[in-house]
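In case you want the letters, here they are:
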Amino acid sequence: MTAPWPLVTRFAPSPTGFLHLGHAHSALAGWRAARQAGGRFLLRIEDIDATRCQPTFAAAIMEDLAWLGLDWDGPVRVQSRHMNDYGRTLDALKARGLLFPCFCTRSDIAREIAGSAAAPHGPDGPLYPGTCRRLPVAERQDRMAQAVPHAWRLDMPRALADLPAPLSFEEAGRGRIACDPARFGDVVLARKEVPASYHLCVTHDDARDGVTLVTRGEDLLPATDLHRLLQHLMGWPEPAYAHHQLLTGRDGRRLSKRDGAVPLRDLRARGVPPGEARAMAGFPG
Ligand code: GLU
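Rules used in this analysis
Residues numbered from 1 in each chain as written. Predicted model: local features only at pLDDT ≥ 70, side-chain atom pairs only at ≥ 80, totals over all residues. Heavy atoms only, no water. Near = heavy atom within 4 Å. Polar contact = N/O pair within 3.5 Å; in protein donor to acceptor, adjacent residues only side chain to side chain. Helix = DSSP H or I, 4+ residues; strand = E, 2+ residues; numbered from the N terminus. Phe/Tyr/Trp six-rings, centres within 6.5 Å; stacked < 30°, edge-to-face > 60°. Buried < 20%, exposed > 50% of the residue type's maximum accessible area, 1.4 Å probe, protein only. Lys NZ or Arg CZ within 6 Å of the ring centre and 35° of its normal. Salt bridge = Lys/Arg side-chain N within 4 Å of Asp/Glu carboxyl O. Contact = heavy atoms within 4.5 Å.

J.: When you look at the site of the ligand in this model, what are you seeing that I'm missing?
T.: Close to the ligand lie R10, A12, P13, S14, E46, Y198, V202, R216 and L220, which account for all nearby residues. At 3.1 Å, a side-chain N or O of S14 approaches a nitrogen atom of the ligand. Residue R216 places a side-chain N or O atom 2.9 Å away from an oxygen atom belonging to the ligand.

J.: What should I look at first to understand unusual backbone geometry in this one?
T.: Residues apart from glycine generally show negative phi values, whereas peptide bonds are mostly found in trans. Backbone torsion omega between W5 and P6 reads -5 degrees, so that peptide bond is classified as cis. Note that P6 resides in the segment before β1 (8-11).

J.: Any chance you could explain the packing of aromatic side chains here in plain terms?
T.: The way to describe two aromatic rings as a pair is by their centre distance and the angle between their planes. Evaluated as defined, the whole model comprises three aromatic pairs. Look at F18 and F57: their rings are 5.0 Å apart centre to centre, the planes differ by 85 degrees, and that puts the pair in the edge-to-face class. Highlighted residues: F18 in the loop between β1 and α1 (21-36) and F57 in helix α2 (residues 55-68), separated in sequence by 39 residues. Its relative accessible area of 15% is what places F57 among the buried residues. Positioned above the aromatic ring of W152, the side-chain terminus of K94 is 4.2 Å from the ring centre.

J.: It is not clear to me how the pattern of salt bridges should be interpreted in this structure. Could you clarify?
T.: Proximity of charged atoms lets side chains of opposite charge pair with each other. Within this structure, the stated rule accounts for 27 salt bridges. A salt bridge links D162 to R96; the shortest N-O distance between them is 4.0 Å. Here R96 lies in the loop between α3 (83-95) and β4 (99-102) and D162 lies in the loop between α6 (156-161) and β8 (168-171), a separation of 66 residues in the sequence. The partner of E193 in a salt bridge is R191, and the shortest N-O contact between them spans 3.0 Å. In this structure R191 comes out as partly exposed when scored by relative accessible area, which is 32%. Linked through salt bridges whose partners overlap, the residues forming this network are R10, R44, E46, R77, D85, R88, D205, D206, R208 and D209.

J.: What should I look at first to understand the side chain of Q79 in this one?
T.: Residue placement: Q79 occurs in the loop between β3 (77-78) and α3. Using a relative accessible area of 2% as the deciding quantity, one classes Q79 as buried. Polar side-chain contacts of Q79 include one of 2.9 Å to the side chain of D205. Non-local contacts of Q79, meaning those with residues more than four positions away in its chain, are made with R44, I45, E46, D47, I48, Y86, C201, V202 and D205.

Structure representation (C-alpha cells):
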C-alpha cells in the first residue's frame, strides 16, 4: 500500500480506565506513522457512554500520552460534546428509510432467538431477528406516539440494496479485503440509553477529521466491514486501514485491564523512563 496523502492518523481511546501498554502500542502506531510521514496525528476521546466513561480517565489519558512523549495536532475531540453531530447523521439515515425504531427489550430478543431454529451470529453476538423491522407501520407509529423507549437500528437489507458494488477496504500489507457487512444484521446505531453508537460516531469523526489512515487493534478488523457500509451510505471518504496485532502478556494472552495489564502511570511511579515504556510497548528508539 502506498501511504495515503496527506497522512492523518488518530488515537481514539474510550476513557473507561487508565492506559496500559496495549493502548500505548496503539497510540504509538498512529503517532509514528504520522510523524514519520510529516502528517497529522489526532487525539479523540470516545466517551459517548456516560455509564462507562469518566472525565478523570480522559484527563489521565492525555497526561499519560504526554509522559510517553506523544504530541497531537489540533484540539482533542471529545465525542460527548458533539452529540448533535451524531443526531444529524441519524436523521439523514432516518429520512432515507434506512433506520427503524426497535422497541425490543433484551429479554424480548433473547426469547425470540431461543425460539428460532437457526440463530445466526455476527461479530457482536447473535443477530437481531428483525422483529421491529417487520412491524406494521401503524403499530410503529402508535408506539412512537406513546413514546415507548426505543433504539434505532440499521435496516440491513435496505442498506445492502443501496450498494452499487461489493464493498472492500485497503489494509496495510494485505491489499484489498472484501467486506461482508450483512454479518452485523440490523445493527444498533442509537441505543435507548445512549443516543448514538460506537460504529456511528467513529465513522462520522474519522470523516469529519479527514483521517486517511485508521490505525487500531486487529480486534476491530471485523467492525471495518460495517464502517465501510456507513461511509458508503453517508457519502464519506474511504480511509485506508492498518490493524495491528494486539500486544500480549508473558502468558501470550491479550493485555487488558482485567488480566492486570500494568497502567502506564504505575510504570511512571516505579521510575520507568518513558523511552523504556515505549520499548515495552513495541516501539524502541
Ligand atoms: N474507542 C475504541 C476503543 O477504545 C477505539 C475506536 C477505534 O480506534 O476505531 O476500543
